[in-house]
Structure formats: C-alpha cells, structure tokens
Amino acid sequence: MLQYGYGSYGYSTDPAWQPQIPSLLDRGMVYAIAHIRGGQEMGRAWYDQGRLLNKKNSFTDFIDATRFLTSQGYAAKNRVAAQGGSAGGLLVGAVANMAPQDYRVIISHVPFVDVVTTMLDASIPLTTNEYDEWGNPAERQFYDYMLSYSPYDQIRPQAYPAMFVGTGLWDSQVQYYEPAKYVARLRATKTDRNPLLFRVNMEAGHGGKSGRFRRYRSIAEYYAFMMSQLGVSSEPSPGSAPAIPQDGGQRG
C-alpha cells in the first residue's frame, strides 16, 4: 500500500484522477489518501486542529490511518509506503521519527524538515507569511513546540524505513540544503542498513521538472525504488492495461 498525505494550510486533498496511480493498481497495490487534520476536508475546525500548537495531530492522524487500514487487511503491516511533499515532506519526516516500524518505505519530496532553523530566518520570503501556520519561533512556546516535532531535530539512533528523498537545486520554497542536511544527519545517526537515496535534480525547482513527460520519468524513478523495497513485481498483473510508452513528443 502507498499512503499519501499533506495536511497543512487548510488544503483539501480531494480524490482525483492521476495517470500514474493505475500503474500501481495494475501491480496489486492499494493507494490511500489520508485526510488528516491540518487539511480542511472536514471544515475549518479540522484545519485549526492541525496547525500551530496542534500540529502533531496531523502526524498521529496519518499513523492512525495506516494502522486502521492494515488492521482491516488492506495491506500487510510490513508492506506499507508513505509519501508526502513540501509540507507533506514534513509530515512523513515526522512520521518516520515517531513510528518507523509502521512503514517499509518513505518517499519525501522537497521536504520542509528543518522547521526551527527555517522559521527563525525572517529573510526567507515565505517565513513571516507562515507564522499563522507554524507559529513564530521567536516566541518560546512556538519554538519549543516546533523543536519537539521538527524532523531534522528529532532524528535519533533507531532503525528507519528505506527512504527516497528528492529535492531540486532551484527550489525557492524549500532550499536544497534543507533536505541535504536532513539526509546527512539521518545517515550519521540511523542504526539500520536500509537504503537512503538522496536525489538532487539539478534542473528542477519546487514543482519538479517541466515538460510533458519529464515529471513521469521522475515518478517512475521513485516508484521503482518503492516497489523494489515492497517486493512488488515490476510487471503488471495479467489482463491489466498496457503501460504508457516512456518516450514521446516532448515540449520544453
């Protein structure tokens, strides 16, 4: 199973068609979207319960969703992957620290993982605008709370899942050095021998590569990593739809 989450800024993750998902379904995987607090799927109160001094609710909601789904037989407990990007990268980074035993793979894109350091730097364009989301760490209560969940700061000696961390050199929202220092600290601290792959795209920004097909090649890269760790066949099940050709007319 691949479980996706975001849970920040009141953004509602509505189920919608994504052309890459059938490639997982054709191989027998389950795809789940966790509507955790911090999003706004259940109204404004749902958002308020997952921001500022309530942010940890987002992380525990995601973990609870995983445990419910495995208890209902949607996936084996040792064959679950978690995916998130940007603030969703914060989510899966926190989850990896809090409940590493519940996930076989973590896929983290342009992750906001060094929360305290970034939010203390008011020269970064997005920082002061986001005090309403995370709090202002110049105030002690917010500093202490951010520190208690910041994925970078909460790394500790323990076994972590296999991890794919991706970033873009030209990312202006989460600068590449934030996930870089996160990966470096993980490699120096974790006690397992699971692979930790750090992918720096030298041509991409926060949204990944431009072009009609290049983003799908990037998706194929981390899907291949995920499936190899989950033990999922690279071949579709008999009778499934044919794969979309990799090569085609490319723009940009």
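Described below are features of the structure shown in this document. (Residues numbered from 1 in each chain as written. Predicted model: local features only at pLDDT ≥ 70, side-chain atom pairs only at ≥ 80, totals over all residues. Heavy atoms only, no water.)

1. Some remarks on the pattern of salt bridges
Note that side chains of opposite charge can pair when their charged atoms are close. Quick reminder of the rule: In what follows, salt bridge is the name for a side-chain nitrogen of Lys or Arg lying within 4 Å of a carboxyl oxygen of Asp or Glu. Segments assigned H or I by DSSP are reported as helices when at least four residues long, segments assigned E as strands when at least two residues long, and all are numbered from the N terminus.
Within the structure shown, the criterion is met by eight salt bridges. Salt-bridge contacts for Asp48 lead to Arg44; the nearest nitrogen and oxygen are separated by 3.3 Å. On the criterion of helical spacing, the pair formed by Asp48 and Arg44 is a turn pair, its members being four residues apart in helix α2 (residues 44-48). Measuring nitrogen to oxygen at the nearest pair gives 2.8 Å for the salt bridge that ties Arg67 to Asp102.

2. Notes on the pairing of strand β4 (residues 105-109)
For clarity, the cut-off: Exposed residues in this analysis have more than 50% of their type's maximum accessible area, buried residues have under 20%, and partly exposed residues fall in between, with area computed by a 1.4 Å probe over protein chains only. Any two strands with at least two DSSP bridges between them are considered paired. Place the viewer so that the strands point away; then a crossover is right-handed whenever the path from the first strand over the helix to the second strand goes clockwise.
Summarising burial for β4: five of the five residues are buried, a large majority. Alternating residues of β4 divide into Val105, Ile107 and His109 and Ile106 and Ser108, and every residue in both groups is buried. Examined bridge by bridge, strand β3 (residues 81-85) and β4 share five bridges and lie parallel to one another. When the bridges of β4 are listed, Gln83 appears paired with Ile107. Regarding the hand of the β-α-β motif, the stretch spanning β3, helix α4 (residues 87-98) and β4 is right-handed. Looking at chain direction, β4 and strand β5 (residues 162-168) are connected through five bridges and run parallel. Across the sheet, the residue bridging to Val105 is Ala162, located in β5.

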